[in-house]
Amino acid sequence: MKIDLTVDGMAVTAEVDPGETLLPFLRRLGAASVKNGCDNGDCGACAVLVDGRAVNACLFFAAKAAGSEITTAEALAGADGLHPLQTASLDLGAVQCGFCTPGILMTALDLLAYNPDPTEEEVRHWLAANYCRCTGWVKPVEAVLAAASMLREQEAS
Amino acid sequence: MSVSGITTWLRPATLTEAFDAVREGALPVGGGTDLALHAPRGTTALVDLVDLDLDFVISSDDGYRIGAMTTLTGVMEHPGLAAHLGGVLPEMLIHIGSPLLRNAATVGGHLARARLSDFVPVLIAIGAGITVFDSRGTRSMELETYYERNVFETTHLITEVSVPAAPPRSAAAFQRFSVKGFDIATLNGAITIGLAEDGTVAHARVVLGETPRLGERVPDAEQMLLGRVLEAEVIEETIAIAATEPFGSDSRASAEYRRDLARWVTRHCLQRVAQRLEVV
């Protein structure tokens, strides 16, 4: 079947299998940041935004996304450079092997959109959606809190 | 996980068309998170309910109507529902999967699967109703009736869940026990208490779930609570009654272990309800 949707700001018309999820579909389109960690909804490495909310791409039927706007980590950096979440992750050492990073960024993007000033506990709760086997989560949590602060400053100025 | 063997994806514009598709064997899709992992073998057609205008929360003096396609996040982020009866809904929903799952999983999809649920005990404890659509049209019933009478085994579509307005001076609490945070509960429970003007209990619902059955009321405990003051002795009596429920054994726990957990779950629920009612 054919679906129309928007992926990272670009209108896309594509053929999908009716039982296919967003994970293989988006990777086929070239979005290599959408990682296949478990294909089981456990690890969060495939997190993308569907109409602004972060979901597990491996559990979201591609056909359900018809008419939706999908955002992957590939769209985070803009003409002004890296997104504050990316800058903070690099500056604070939140990226080690990097496999879980795109998913963490997308989960954090959703969190900060609805809660611009989260507590550390809230950030920890949200990042429980994303497995990270390298960092022990300490640095990603610090990076999200730092990015939140950067985003609030941007908003205020 | 992509599901192999699916040949048809339907996106009907009316409930009748959706129901007809389901009657012909298509499986309804809410958020699809559970189907993507657990679609029954041999499933060939899926019917997406997204165009049926079932994503809503409507509040009124009578309470709330929650459309079946509302996500679990949608319930948690609705200010009225989030604060209802002292915050029992977010207190429970935060344990279901992760934010990523709750952003996709829907209320209707969760209830239709009717297994391993923290949500069902809370909805029964707060007196929720459910509306279904089938060949007889639309009808509403208490959520506990829906499961008791096995309506869910018939061919139907869930359209909405209703949550009645809170009784005067009332609060609810939820407690679960699981081995690890993300594990499904070994036992869970939810309790709603409403007080009369003299401070005695005028409304009580005591529910235990994963016993290992889906959430069920404990009528003896509710009866005992009525007319009493929510003090330490009454809490102990409620715990004692809850522990007399028929518990079952499965791979998660023995009946005996669940009996001990029921005491602990009931105590935590009642203590938190008492705190919320400011009677302790």
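Scroll up for the structure.
Peer 1: I'm lost on empty space enclosed by the protein in this one. Help?
Peer 2: Vacant regions in the atomic arrangement are exposed by a probe of water-molecule size rolled over the atoms. All names here are of chain A. A complete count under the given rule lists two cavities of 30 Å³ or more for this structure. Put simply, the largest cavity is a space of about 50 Å³. In this structure, the largest cavity is lined by Ser89, Ala94, Thr101, Ile104, Leu105, Pro140, Ala143 and Val144. For the lining of the largest cavity, the secondary-structure elements that each account for two or more residues are helix H3 (101-114) and helix H5 (138-156). Taken together, the residues of the lining of the largest cavity break down into six nonpolar, two polar and no charged. Space inside the second largest cavity adds up to approximately 30 Å³. Along its surface, the second largest cavity is lined by Ala94, Val95, Gln96, Cys97, Gly98, Phe99, Cys100, Thr101, Cys132, Cys134 and Thr135. Of the residues contributing to the lining of the second largest cavity, the split by class is seven nonpolar, four polar and no charged.

Peer 1: I would appreciate a short explanation of the pattern of salt bridges in the present structure.
Peer 2: Oppositely charged side chains can form a pair if their charged atoms are brought close together. Residues and elements named next belong to chain B. Counted according to the given criterion, the structure contains 27 salt bridges over all chains. With a closest N to O distance of 2.7 Å, Arg139 and Asp134 form a salt bridge. With relative accessibility at 23%, the residue Arg139 sits in the partly exposed group. We classify Asp134 as buried; its relative accessible area is 6%. Between Asp260 and Arg263 there is a salt bridge, with its nearest N and O atoms 2.7 Å apart. Of this pair, Asp260 and Arg263 are both found in helix H12 (residues 255-276), three residues apart, which corresponds to roughly one turn of the helix. Given a relative accessible area of 45%, Asp260 falls into the partly exposed group. Judged by relative accessible area, which is 34%, Arg263 ranks as partly exposed. Taken together, the salt bridges that share partners define one network made up of Glu142, Glu144, Arg205, Arg217 and Glu222.

Definitions and limits used
- Residues numbered from 1 in each chain as written.
- Chains lettered and ligands numbered in written order.
- Predicted model: local features only at pLDDT ≥ 70, side-chain atom pairs only at ≥ 80, totals over all residues.
- Heavy atoms only, no water.
- 1 Å grid on protein atoms, 1.4 Å probe; cavity = no way out; pocket = protein on both sides within 12 Å on 5 of 7 lines; lining within 4 Å.
- Points joined across faces, edges and corners; volume = space filled by probe spheres on them.
- Helix = DSSP H or I, 4+ residues; strand = E, 2+ residues; numbered from the N terminus.
- Nonpolar A, V, L, I, M, F, W, Y, C, P; charged D, E, K, R; others polar.
- Salt bridge = Lys/Arg side-chain N within 4 Å of Asp/Glu carboxyl O.
- Buried < 20%, exposed > 50% of the residue type's maximum accessible area, 1.4 Å probe, protein only.

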